[in-house]
Amino acid sequence: MHKLVKSVLGAGFAVALSAGIASAQEFEFNIIAPAGAGGGWDGAARSIQEVMVATGQARSAQVVNVPGAGGTVGLAQFAASAGADPNQLLVGGITMVGAIISNASPVSLDQVTPIARLTGDPLVVVVPSSSSIQTIDDLLAAAKADVGGTIWAGGSAGGADHMLAALITEAAGEDPAKVNYVAYSGGGEALAAMLGGQVTAGVSGYGEWQGQIESGDLRALAISYPDPIEGIEAQPLKAQGVDVELVNWRAVFAAPDVSDEDKARLSAAFDAMVSSDEWKELLVARGWTDYYMPADEFSAFLEKETESVRGVLQALGLAQ
Amino acid sequence: MDVLLNLFAGFASALTVSNLIFAAVGVFIGTAVGVLPGIGPALTVALLLPVTFKLDPGGSLIMFAGIYYGGMYGGSTTAILLNTPGEAASVVTALEGNKMARAGRGGPALATAAIGSFVAALVATFGLAFLSPIVVQIAVRFGPWDYFGLMLIAFVTVSATFGSSPLRGLTSLAFGLWLGLVGIDQLTGQARLTFGVPQLLDGIEVTTLAVGLFAIGEALHVAGRHLRNPEKPIPVKGSPWMTKEDWRRSFFPWLRGTLIGFPIGGLPAGGAEVPTFLSYNLERRLSKHQDEFGKGAIEGVAGPEAANNASAAGTLVPLLTLGLPTSATAAVMLAGFQQYNIQPGPLLFVQHADLVWALIASLFIANVMLLVLNLPLVGLWVRLLAIPLPWLYGGIMLFAAMGTVAANPSVVELLMLVGFGTLGFLMRKFDYPIAPAIVGLILGPMADSQLRRALQMSQGDPMILLQHPSSAVMIGLATLALVAPLIFKGLSKMQSDED
Amino acid sequence: METPSRSFNGPYVIVGVALLAVAAITVWDASTMRIRAQYGVGADAASYLIAGFLVLLAAGHFIGAFRKSDDLDAEPTDWRAIGWIALALTGLVSAIGLGAGFILGSTLLFAFTARAFGRRALLVDLLIGAALAVLVYFLFHGLLTLHLPEGPLERLL
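Since the structure is predicted, the reported quantities are computational estimates derived from the model, not experimental observations. (Residues numbered from 1 in each chain as written. Chains lettered and ligands numbered in written order. Predicted model: local features only at pLDDT ≥ 70, side-chain atom pairs only at ≥ 80, totals over all residues. Heavy atoms only, no water.)

Asks: Just give me the short version of the interface of chain B and chain A, but keep the residues and values in it.
Replies: Each partner contributes residues to the interface: chain B has 41 residues there, and chain A has 46 residues. Counting the surface lost from both chain B and chain A, the interface buries some 3,300 Å², and carbon and sulfur atoms represent 57% of this. By the criterion of area lost to chain A, the three top residues of chain B are B:Q186, B:Q456 and B:M457, representing 16% of everything that side buries. The interface formed by chain B and chain A holds zero salt bridges in total. At the level of elements, helix 6 (106-141), helix 7 (144-157), helix 12 (299-322), helix 13 (328-339) and helix 18 (435-457) of chain B are the ones that each hand at least two residues to the side of chain B that touches chain A. Per-element accounting of the side of chain B that touches chain A gives the leading share, five residues, to helix 13 of chain B. Of the residues belonging to the side of chain B that touches chain A, the class tally is 23 nonpolar, 15 polar and three charged. (Contact = heavy atoms within 4.5 Å. Buried area = accessible area lost by both parts, 1.4 Å probe. Salt bridge = Lys/Arg side-chain N within 4 Å of Asp/Glu carboxyl O. Helix = DSSP H or I, 4+ residues; strand = E, 2+ residues; numbered from the N terminus. Nonpolar A, V, L, I, M, F, W, Y, C, P; charged D, E, K, R; others polar.)

Set out below in structure tokens:
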């Protein structure tokens, strides 16, 4: 009964507010994480949930996991059901961009409303510490000498890890389609293959292998971020003369038909969220790198990124 | 001795009143949710993560430990009593356990599962404390060729679950293997048998298959003959507790199950299911009561349940020492660590020794609490069968549906559940065994991708499988296991011909 | 009615045909795969292997069908009970598919399943089912913030 009264009151309140003082309204977010519990998008969604409630910008927030097909199942469901509701949010990232292309998904990110790019994790290129390869140039030389014998380990086929391995192979002057990339279900299994010395090199999110890099079990050759990052010893590929950059970014999207007014309110809410202390603490705790970009710039970035991802996937034979 | 000192320090910090309460809450929730078909521990831990934001790291991890172990305990209850395993790791338990329950021996079956889980978790947690550095060294050397060898061994042992007809058993296995093809191939990104349905791209969820074939299929099967041939409530014959004989027959299976479960759980791609298959087959071969297998042999419950729980502790080895989550639950726990800016990995034991040892100590505590909680519950669970069948099966269906919907809120998933339920009914009606289908779905994709990884690393040379001694031995063992029974049969036939 | 004197095993023939059909679909699917593995074998290898296995099993079923078999299912099935469970599952799937929510779907599922097992008091069972569904919804949605499909009923609670 109590809950019923509250929700009726809440609804009345919301009506009263939308009549005038729109900026004071709190959100009641329903965040779709298009992946199962435990993954990066699930983590991002639950982080948004936590910080939005903690900073008082949302009265409540719940996370719904809709796993499947690199996020395209969640995307399709979101695009079909969210309508113009400003409380509906979707988390996504570069993997989703790739999955839309390689799965020939009928629903694309054009059909939802980009709100903000939030985090961007650098990928790291590593070799086992026992390897004779010392620098990224050594690795390029090895790939040049024997492209099939240079075995890469990383996450699933067509994902960001695979793309980076292909781009580096291309930078070595070889056909990117020839990269001998062994896909694992995640950074964890690939890590075991690295430590067991079964592969030449590995690619994963920096955070996933940070412990092994710091303990000296893995040697980090380069990161894929465009600029050096504080606290990470490995230098960007670009700074080492390899013209490749790739960031595993995560972003948040709003419903397809949100009004311009709601879009502005959401943008303001995320702008406030990323500058809160709670968010900054959380980024440090999770080992994520801030990669914030507001809605309009992000839309333009998304368009460019989609084209470059398509190019890599075509070169790999994973897209037409 | 350092280890012992550390462990005592861990107990000292874990044995506070508040931590004990957290452990008790975790154990209770874990068991309660584990009992429900279809909701696994991973989802529970993910849901509880926000609740623990306000707890200190020690308290929240201790609660997770309780949930993790509790979920593993709970899974066997419905498998034994209702023939509806809620997760893949307790499918094997249902084979003998449910036969025991139908013979009125549900009490001893639940008891051997609970005590076996306790023994296994106890031994395996000691293994975690003392052997982690060694286990992890072996685990990372385990290459794709070795995994393939292990899969082969598991495959040849499946025949233990075939029942009366090899043809029908193999057909069920083939069905599972075929289902395993569905989805995007992990190695190449190629979609197989998805027919343009996006929900199929991630493949068939093992839980959906298990709950569909077992829970829904069983409900249809029982309903189909209930009115004409009402199933009598199972009388609990004799004592609900284990007899001296039960103890004697359970003891070694518990230990052997533990020895199989712990190392395989520690492998980065080992999982909890494979050790249960291996343990079941081993007990079947070693038992002096082979005629009872398929009719309710207690060894067939004791071994796999111990293996299942030992592998749960084994999973923590790569998580704590490498930061490598090998199960969905472990992945969520990893996120839990990160909440507090703790990065599991090679430095965890050095940087956060107090926390790690408190966690290991609380695993021991959770384990004792589980036994204390579960043994009295045996009597209560057995009485669950006193619920009139219409309501009992109504409830089973409701929880099965909820588990599926909660894990993946899609109509396609529900339709798959219904489809598998129908198939489970037909398979029962025409006497095709159910378990091999689930085994096929689990092992098929693993064998496929590990073999192809091996061939990719050797650039197509199949000899790589025999060049590594460890995989060569395992492939040899698998071949032997396949061929030896045929030779023995031939020999004994020749002998009887001579007679 | 099954007659023991029948010369062949009908279900075996049906299963055999089904296995052949599944094998054919699998081979067709494998033949349309575009992505090739650069090293080692591709994703189609397992498809062909399993299709071959299925064909072998189909042959086994055809041979078995004409053998004298001891294990034909003799037990008749109560199709009316099966029909009630089918209705229960249809109720669940359509309630969730049409957005009527978890509670309504589960209530129908519970009550119709109970009917299949011979209960006649449908109204009582609907009430019990509803009570159970509401309890589950509160426990899992309220306490654990688990997302369950929402309909008009859930939004009221």
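Now that the structure has been shown, the text picks up again.
Asks: Outline the pairing of strand 5 (residues 151-154) of chain A, listing residues and values.
Replies: Residues and elements named next belong to chain A. Along strand 5, one buried face is formed by I151 and A153 and the opposite face, lined by W152 and G154, is buried too. For strand 5 and strand 6 (residues 180-183), the ladder comprises four bridges, and the chain directions are parallel. Across the sheet, W152 pairs through a bridge with Y181, a residue of strand 6. Running through helix 6 (residues 160-171), the crossover from strand 5 to the neighbouring parallel element strand 6 is right-handed. (Buried < 20%, exposed > 50% of the residue type's maximum accessible area, 1.4 Å probe, protein only. Pairing = 2+ DSSP bridges. Right-handed = clockwise from strand over helix to strand, strands pointing away.)

Asks: Can you tell me about the nonpolar core, naming the residues and giving the values?
Replies: A:I48, A:W152 and A:F270 are the most contacted members of the largest nonpolar core, which has 248 residues in total. Residues B:A223, B:L377, B:L398 and C:A81 belong to the second largest nonpolar core, which totals 60 residues. (Core = buried A, V, L, I, M, F, W, Y, C linked by side-chain atoms within 4.5 Å.)

Asks: Mind laying out the packing of helix 9 (residues 206-226) of chain B against helix 16 (residues 389-407) of chain B, listing which residues take part and the relevant values?
Replies: Residues and elements named next belong to chain B. Contact pair helix 9 / helix 16: the axes reach a minimum separation of 10 Å and the direction vectors enclose 155 degrees. With respect to helix 16, the axis of helix 9 lies roughly antiparallel. Crossing hand, helix 9 versus helix 16: left-handed. Residue-level inspection shows V211, A215, I216, E218, A219, V222 and H226 of helix 9 in contact with helix 16, the latter providing L389, Y393, I396, M397 and A400. Residues belonging to the contact of helix 9 with helix 16 are distributed by class as follows: ten nonpolar, one polar and one charged. (Axes fitted to C-alpha atoms, helices over the stretch in contact; angles between N-to-C directions. Parallel < 35°, antiparallel > 145°, perpendicular 65-115°, else oblique. Left-handed = near helix turned anticlockwise from the far one by under 90°.)

Asks: Please provide a residue-by-residue account of the packing of aromatic side chains, values included.
Replies: Residues and elements named next belong to chain A. Inspection of the entire model under this criterion finds 17 aromatic pairs over all chains. The structure contains a cluster of three or more aromatic residues connected by ring pairs, namely W249, F253, F298 and F301. The lysine or arginine in question, R117, covers the ring of Y291, its NZ or CZ lying 3.5 Å from the ring centre. A cation sits over an aromatic face here: R117 above F301, 4.4 Å from the ring centre. (Phe/Tyr/Trp six-rings, centres within 6.5 Å; stacked < 30°, edge-to-face > 60°. Lys NZ or Arg CZ within 6 Å of the ring centre and 35° of its normal.)

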